[in-house]
Amino acid sequence: MRGIKTKLALMNFLEFAVWGSYLVCLGNYLITAELGKDIALFYSVQGIVSIFMPALMGIVADKFVQPQRLLGYCHFLAGIFMLLAWYYGLTHPTLEFWPFFSLYTLSVAFFMPTIALANTTAFSLLKRAGLDTVRHFPPIRVLGTVGFIAAMWFVNCFYVSDGSIGFSLSNPLGTDMADPRFSNTVNQLLVCGILSIVLFLYCMTLPKCPVSARGTETKGIIGALGLDAFKLFKKRKMALFFIFSMLLGVSLQITNGFATPFITSFKALPEYADSFGANNATLLTSLSQISEALCILFIPFFLKRYGIKNVMMIAMCAWVLRFAFFGFGDPGSGVWMFILSMLVYGVAFDFFNVSGALYVEQETSPDIKASAQGLFMLMTNGVGATFGTLGAGMVVNYFTTRDGAYQISMPGTWGWEGAWLVFAAYALVVFVAFGILFKYKHQPERITRDTASELSGSDPEGMAG
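Residues numbered from 1 in each chain as written. Predicted model: local features only at pLDDT ≥ 70, side-chain atom pairs only at ≥ 80, totals over all residues. Heavy atoms only, no water.

> Can you break down the side chain of Asn 12 residue by residue, with the values?
Along the chain, the position of Asn 12 falls in helix H1 (residues 4-20). Beyond its immediate sequence surroundings of up to four residues, Asn 12 is in contact with Ile 140, Arg 141, Leu 143 and Gly 144. (Helix = DSSP H or I, 4+ residues; strand = E, 2+ residues; numbered from the N terminus. Contact = heavy atoms within 4.5 Å.)

Have a look at this one:
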């Protein structure tokens, strides 16, 4: 088991590099492929499959297949389907929705379980090596965020055009030509597919993880999905918590789907056509992931000092600012607002997910703790993110579509900025309602030093990113 931390760090790097290669820039390609009005459908798929696929693969890993092997097999299938989606897009200049969407959906369906499988593999191998997971897992997991950022930077800058290849921070063909950099083309899916196949091969070299059924024979799929925890809705406080988790989960995928198309669309305006922000939306958005990696380090302090309710309200306030800064900013003189939007994302995302997980841990009985955590993820990354993404798509289409085409918000009109301010208003309503309706007395002594330390090792992407 020598060098196991290095092996697991590389595994996490590749795991999230796969996701980072397309998650925040797929919308750019969909718009160029004339599927801009369907962005919400593509991003909602992640929430839909997250409702059942991680649980199903978890049962398989518990009872039948070693986790590191299953991790590899899932990546192999995800990679093959993503490469098929890339090839279809490459060979069909006029993209038909259903063939491309079906291939993409199958890829995402096999990718989403790999996030949990990667964690399971890491925990299992660290324990087998006699290492403390609370101490050694967080630095390993941070490499996942580094991989996510590295992939974003690569697709943002790398291009292939007419036999030439290179890296560029602006369109290498000039502003009047289609931008060939991967963040704007179907080639981002090629990067994703190749990385998935590489990770499949790498997983086959990892040490064995034991297969042991952990009560799944009696709990089955119902328990794995967290459905036996629905009895928590009988308690008013827990019912309110899960309802607000779903309402806040609505915000999770909005900027993943629409931030880069929004920023890139400023290139249509002459005064922003050559600006760094409009030409490097994916790279600019990567500041959000950097913020995630840093903000998670502050969570134990804030939880201990201010309590779970206040920390979650800070997260909700950060969501208001996240959207509002997008609504008022631009990639020119207002680029500082975009940067602030990226920086507050770490607070908005991490403080909500991690503090929510702690609240569930504290308020549920031992026999349903795992199921309650599953219910929390189901309400946020499943139900909330799915309906939020679909709803956001309708809002964006309403504000930004003119004669069937997406347009940037022109001076004196109500376009993209209107959509972002609607999202900000929604987050503000959730913030106020939560503050009024949710009652919780902070008890600092309940948050032990060990528990707070364990939080710093939680998954900062949740579902991404």
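> Lay out the packing of helix H11 (residues 254-264) against helix H17 (residues 416-437) with the relevant residues and their values.
Two numbers describe how H11 lies on H17: the axes approach to 12 Å, and their chain directions differ by 155°. Judged by the angle between their axes, H11 and H17 are roughly antiparallel. The handedness of the crossing between H11 and H17 comes out as left-handed. Listed contacts from H17 to Ile 254, Thr 255, Phe 258, Ala 259, Pro 261 and Phe 262 of H11 are Trp 416, Trp 420 and Phe 423. (Axes fitted to C-alpha atoms, helices over the stretch in contact; angles between N-to-C directions. Parallel < 35°, antiparallel > 145°, perpendicular 65-115°, else oblique. Left-handed = near helix turned anticlockwise from the far one by under 90°.)

> I'd like to hear about the environment of Gly 393, residue by residue, with values.
With respect to the helices and strands, Gly 393 occurs in helix H16 (residues 369-400). In this structure, the C-alpha to C-alpha distance between Gly 393 and Gly 257, residues 136 residues apart in sequence, is 8.9 Å. If we skip the residues at most four places from it in the chain, Gly 393 touches Ala 40 and Phe 258.

> Report on the side chain of Ser 341, specifying residues and quantitative values.
Residue position: Ser 341 is located in helix H15 (residues 335-363). Setting aside residues no more than four positions away along its own chain, Ser 341 makes contact with Arg 322, Phe 325 and Phe 326.

> Help me get a handle on the packing of H11 against helix H13 (residues 281-295), residues and values and all.
Where H11 meets H13, the axes come as close as 9 Å, and the angle between the chain directions of the two elements is 135°. In terms of axis orientation, H11 runs oblique to H13. When the axes of H11 and H13 are compared, the crossing they make is right-handed. Contacts between H11 and H13 involve Thr 260, Ile 263 and Thr 264 on the former and, on the latter, Ala 281, Thr 282, Leu 284 and Thr 285. Here the residues of the contact of H11 with H13 are counted per class, giving 3 nonpolar, 4 polar and no charged. (Nonpolar A, V, L, I, M, F, W, Y, C, P; charged D, E, K, R; others polar.)

> Tell me about a nonpolar patch on the surface, and please be specific about residues and values.
A surface patch of nonpolar side chains, about 510 Å² in accessible area, is lined by Trp 153, Ile 290, Leu 294, Leu 297 and Phe 298. With respect to the secondary-structure elements, Leu 297 resides in the loop between H13 and helix H14 (299-328). The class of Leu 297 is exposed, set by a relative accessible area of 58%. (Patch = residues over 30% accessible without salt bridge, like charges linked within 9 Å, V, L, I, M, F, W, Y side chains within 5 Å. Areas by Shrake-Rupley, 256 points an atom, 1.4 Å probe, with all protein chains shown as cover. Salt bridge = Lys/Arg side-chain N within 4 Å of Asp/Glu carboxyl O. Buried < 20%, exposed > 50% of the residue type's maximum accessible area, 1.4 Å probe, protein only.)

> Go over the environment of Leu 106, please, and point to the residues and values.
Looking at where Leu 106 falls in the secondary structure, it is placed in helix H6 (residues 97-128). When the C-alpha positions of Leu 106 and Gly 79 are compared, they lie 9.9 Å apart, and in sequence the two are 27 residues distant.

> So what's going on with the pattern of salt bridges? Which residues, and what values?
Evaluated as defined, the whole model comprises 2 salt bridges. Here Asp 179 makes a salt bridge to Arg 181, at a shortest N to O gap of 2.7 Å. By relative accessible area, which is 9% here, Asp 179 ends up buried. By relative accessible area, which is 1% here, Arg 181 ends up buried. Within the structure, one salt-bridge network assembled from shared partners comprises Asp 179, Arg 181 and Lys 267.

Everything listed here is a matter of coordinates, which is why it stays silent on function.
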